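Now for the letters of each chain:
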Amino acid sequence: PLDVFVLDMDWHRKNSWTGYSFDNSLFPDEAQFMAALHDEGLILAANLHDDVGIGPWENKYDYMSKLMGTPNGTNVPFTMCTNTTYTHALEDVVLGSLESSRLGGELSDGGMDFWWIDWQQGGNHGGCAGLKQNPTIWTNKIRCTDAKRRALTSGSSADATAIGRNMVLARWGGMGTH
């Protein structure tokens, strides 16, 4: 039996390793695809490499570019370690548009149930200080706790309780990340 369906990186547009928008040549109706998998009782996840931030080819680029003040046509850089505005917008708007309502996302009939964080670069990428604060550790933490943050900021403690325990599938980010 199959319980979990995980999409590797080819689910998204191929402009770079990073991708947050379905490749519509492979998935012409991504909402219907995700809903159909949920109708079969499957849990759905997809691979993410957050390396280059939000590119101009992404569905939510205009929103992120305007929010972050990025010149039109240039990538909105990955600044998860240093910029709460970027982090919350990435999680709430960019990924939220693809997530199950169980996670606080927009899709009531389907959507991603968790993410496979396959990006393993450490160091000081994304504004991180390096060593124990590297982007893999920080991204793992944010993605594992974000649904709870969304529920708490919605103003309903009942929502926060209903979220339960979240998970991510992630690369090893160093000691203490597992």
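For the structure itself, look to the data block above.
An account of the accompanying structure is given in this report.

Quick notes on the rules
- Residues numbered from 1 in each chain as written.
- Predicted model: local features only at pLDDT ≥ 70, side-chain atom pairs only at ≥ 80, totals over all residues.
- Heavy atoms only, no water.
- Helix = DSSP H or I, 4+ residues; strand = E, 2+ residues; numbered from the N terminus.
- Buried < 20%, exposed > 50% of the residue type's maximum accessible area, 1.4 Å probe, protein only.
- Contact = heavy atoms within 4.5 Å.
- Arc of directions from axis to C-beta.
- Patch = residues over 30% accessible without salt bridge, like charges linked within 9 Å, V, L, I, M, F, W, Y side chains within 5 Å.
- Areas by Shrake-Rupley, 256 points an atom, 1.4 Å probe, with all protein chains shown as cover.
- Salt bridge = Lys/Arg side-chain N within 4 Å of Asp/Glu carboxyl O.
- Phe/Tyr/Trp six-rings, centres within 6.5 Å; stacked < 30°, edge-to-face > 60°.
- Axes fitted to C-alpha atoms, helices over the stretch in contact; angles between N-to-C directions.
- Parallel < 35°, antiparallel > 145°, perpendicular 65-115°, else oblique.
- Left-handed = near helix turned anticlockwise from the far one by under 90°.
- Pairing = 2+ DSSP bridges.

## Here we look at the overall build of the chain
Thinking step 1. A tally of regular secondary structure across the chain gives 5 helices and 4 strands.
Thinking step 2. In the chain, the order of α-helices and β-strands from amino to carboxyl end is β-α-β-α-α-β-α-α-β.
Thinking step 3. Looking at the 178 residues of the chain, the share that counts as buried comes to 47%.
Thinking step 4. The contacts in the chain between residues at least 6 apart in sequence include a share of 59% that link residues at least 24 apart.

## What to know about helix 2 (residues 61–68)
Thinking step 1. What helix 2 keeps buried is the set Y61, M64 and S65. Within helix 2, the buried residues cover an arc of 100° as seen down the axis, which keeps them to one side. More than 90 degrees from the buried face of helix 2, the exposed residues found are D62 and K66.
Thinking step 2. As for helix 2, its buried residues are in contact with helix 3 (84–95).
Thinking step 3. Just downstream of helix 2 lies G69, where phi reads positive at about 70°.

## Quick word on a nonpolar patch on the surface
Thinking step 1. On the surface, V4, V6, I43 and L169 cluster together to form a nonpolar patch covering roughly 270 Å² of accessible area.
Thinking step 2. Examined against the element boundaries, V4 turns out to sit in strand 1 (residues 4–7).
Thinking step 3. A relative accessible area of 34% places V4 in the partly exposed class.

## What to know about the packing of aromatic side chains
Thinking step 1. Counted by the stated rule, this structure contains 6 aromatic pairs.
Thinking step 2. Between F78 and Y86, the aromatic rings sit 6.3 Å apart at their centres with planes inclined by 90°, giving edge-to-face as the arrangement. Judged on exposure class, the residue F78 and its partner Y86 are both buried.
Thinking step 3. Every member of this aromatic cluster is reached through a ring pair, and the members are F5, W11, F22, F27, F33 and W115.

## Thoughts on the side chain of T70
Thinking step 1. Counting through the fold element by element, T70 comes out in the loop between helix 2 and helix 3.
Thinking step 2. Here T70 is in contact with S65, N75, V76 and P77, once residues within four sequence places are set aside.

## Description of helix 1 (residues 30–39)
Thinking step 1. E30, F33, M34, A35 and L37 are the residues of helix 1 that are buried.
Thinking step 2. In this structure, the buried residues of helix 1 make contact with strand 1 and strand 2 (43–48).

## Some points on the packing of helix 2 against helix 3
Thinking step 1. Contact geometry of helix 2 with helix 3 gives a least axis separation of 11 Å together with a crossing angle of 160°. Our classification of the angle between helix 2 and helix 3 gives roughly antiparallel. Between helix 2 and helix 3 lies a crossing of right-handed hand. Contact residues: helix 2 offers Y63, M64, L67 and M68, while helix 3 offers T85, Y86, A89, L90, V93 and V94.

## Considerations on the sheet that holds strand 4 (residues 169–170)
Thinking step 1. Pairing in this open sheet of 4 strands is parallel, and the strands run 1-2-3-4 from one edge to the other. Of all strands in the sheet, those bounded by a partner on one side alone are strand 1 and strand 4.
Thinking step 2. Both strand 2 and strand 3 (residues 114–117) contribute to a ladder of 4 bridges, which runs parallel. Looking at strand 3, one finds that L48 is bridged to I117.

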